[in-house]
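# Inside the fold
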Amino acid sequence: DRAMDAYKAGAEKYPDEKTAYQLKIAQVFLSQGKPKDAIGVVDRALAADPKSNDARSLHASLQLQYGGKDQQQGAVSDLQTLIGRDPKNVVVRYNLAKAYQTRGELDAARVQYNEAIKLSNTFVAAYIGSGQVSLAKRDFGRAIQDADAVLKLDGRNMAARTIKTNALIYSGNLRQARADLGEYMKDAPNSPDLEFQLAITDFLEGKYKEAEVRFRSLRARFPTDQRLLFALTDVMVRTGLGKEGLQSLKAELGKQPGDRTLRMAVAATALKIEDLDVAEAEYRTLLAAEPKNLDLYLRMGEVLRKKGQMQASVEILKKGQQLAPTNPAANLQLALMLEATGMKREALPLYENVVKMD
């Protein structure tokens, strides 16, 4: 409140600096959890001073965080315009990278993060963003480099630690991941992110009882985090309790029947434990809602194959392959099914396609 009063007084006393004070007022509103008020202030600042790069940059940032798809697209356009005006503005580069990352345009995001880092090699947030993109692209070596760059600047940065241990885990370096996690937890013994990664490490090392204890402890603290439910189900599948795990997922789906992620988990778990009727029913429900989802056709083809319905599997895989005729996985799975049903002449050109594509 005192900050707000000071900024309002400054805006009145120094009218030439009004835009700068308005942007500070907007930041106070954000600190108070009032994004609508912040957006209103920035809108008025931009209307009065349309050439202000700072106002346009903050406006774009707010639209990205709080706006709908149309506003987000407008924000991207604004940020691209701003870079044209001021290509060395590191904050604009960073905001544009975040925008691309949010939209799933990972290569474009990486370019902008790299440019931001070139402009300021101590810009921690840009390294963190780059590390997140590298994880998403499964470029684990680059993710570790980005995390290490942050840790040289800030040895206890939790985001960087999490990125690094994630990269170590999923690149298979479990021994180093466990060693690093042990060190990090000395500083943050109650960190749920680190505890979750330790549980994943236990799971991948086949220490299922230890993994289960950690996952259950986390689920007691964070009962609405679906990742913990899915992780526990995976543990139960590995320890012969897959049916109980499936029932837990089905119970959650009954509470949230519109939750696609839960339905996918039910279907995938049912397929793993070969409860094929449940798997087929759930995948058919998903396919009805997403008739152009190739992955669902491939999964349904696998369910039907396991049920011994070979011709039905061929037909569903043909539909998937027609959706993505240049997808190696779609061609390969269909070729395997055709060969399995004795249709080798039909399978051969598909195999040849796969070799040409990959």
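Residues numbered from 1 in each chain as written. Predicted model: local features only at pLDDT ≥ 70, side-chain atom pairs only at ≥ 80, totals over all residues. Heavy atoms only, no water.

Once that is clear, we can look at the layout of surface pockets. Here the idea is plain: a probe the size of a water molecule rolls over the atoms and shows the empty space left. Space inside the largest pocket adds up to approximately 260 Å³. Contributing to the lining of the largest pocket are 14 residues, with Pro192, Asp193, Phe196, Asp225 and Arg227 lying nearest its centre. Of all the elements in the fold, those that place two or more residues in the lining of the largest pocket are helix H10 (158-170), helix H12 (192-204) and helix H14 (226-238). When residues of the lining of the largest pocket are assigned to their parent elements, the largest contribution, 5 residues, is made by H12. In terms of residue class, the lining of the largest pocket is built from 8 nonpolar, 3 polar and 3 charged. In this structure, the second largest pocket encloses a volume near 180 Å³. Looking at which element gives the most residues to the lining of the second largest pocket, the answer is helix H16 (residues 260-272), with 7 residues. (1 Å grid on protein atoms, 1.4 Å probe; cavity = no way out; pocket = protein on both sides within 12 Å on 5 of 7 lines; lining within 4 Å. Points joined across faces, edges and corners; volume = space filled by probe spheres on them. Helix = DSSP H or I, 4+ residues; strand = E, 2+ residues; numbered from the N terminus. Nonpolar A, V, L, I, M, F, W, Y, C, P; charged D, E, K, R; others polar.)

Under the definition given, this model contains 4 aromatic pairs. For the pair Phe196 and Phe215, a centre-to-centre distance of 5.9 Å together with 65 degrees between the ring planes defines the contact as edge-to-face. Separated by 19 residues along the polypeptide, Phe196 in helix H12 and Phe215 in helix H13 (residues 208-221) bring together distant segments of the chain. With centroids separated by 5.5 Å and ring planes inclined at 65 degrees, the aromatic side chains of Phe203 and Tyr208 adopt a geometry described as edge-to-face. By relative accessible area, which is 21% here, Tyr208 ends up partly exposed. Over the face of the ring belonging to Phe196 we find Arg227, whose NZ or CZ atom lies 4.9 Å from the ring centre. (Phe/Tyr/Trp six-rings, centres within 6.5 Å; stacked < 30°, edge-to-face > 60°. Buried < 20%, exposed > 50% of the residue type's maximum accessible area, 1.4 Å probe, protein only. Lys NZ or Arg CZ within 6 Å of the ring centre and 35° of its normal.)

What follows concerns the environment of Asp139. Tracing the backbone shows Asp139 in the loop between helix H8 (124-136) and helix H9 (140-153). Apart from the residues within four sequence positions on either side, Asp139 is in contact with Arg110 and Ser134. (Contact = heavy atoms within 4.5 Å.)

One can describe the packing of H16 onto helix H18 (residues 294-306) by two numbers: an axis separation of 11 Å at closest approach and a directional angle of 30 degrees. With respect to H18, the axis of H16 lies roughly parallel. The two elements H16 and H18 meet at a crossing, and its hand is left-handed. Each of Met264, Ala268 and Leu271 in H16 lies in contact with H18, whose residues at this interface are Asp295, Leu296, Arg299, Glu302, Val303 and Lys306. For the contact of H16 with H18, a count of residues per class yields 5 nonpolar, no polar and 4 charged. (Axes fitted to C-alpha atoms, helices over the stretch in contact; angles between N-to-C directions. Parallel < 35°, antiparallel > 145°, perpendicular 65-115°, else oblique. Left-handed = near helix turned anticlockwise from the far one by under 90°.)

Turning next to H10. The end-to-end C-alpha separation of H10 is 18 Å, in line with the 18 Å expected for 13 residues at 1.5 Å each. Turning to H10, its buried residues number three or more, namely Ala160, Arg161, Thr162, Ile163, Lys164, Thr165, Ala167, Leu168 and Ile169. Where H10 is buried, its residues touch H8, H9, helix H11 (174-187) and H12. Capping the start of H10 is the job of one residue whose side-chain oxygen sits 3.1 Å from the backbone nitrogen of Ala159: Asn157. Just downstream of H10 lies Gly172, where phi reads positive at about 90 degrees. (Expected span 1.5 Å × (residues − 1). Polar contact = N/O pair within 3.5 Å; in protein donor to acceptor, adjacent residues only side chain to side chain.)

Honestly, it's all geometry; don't read function into it.
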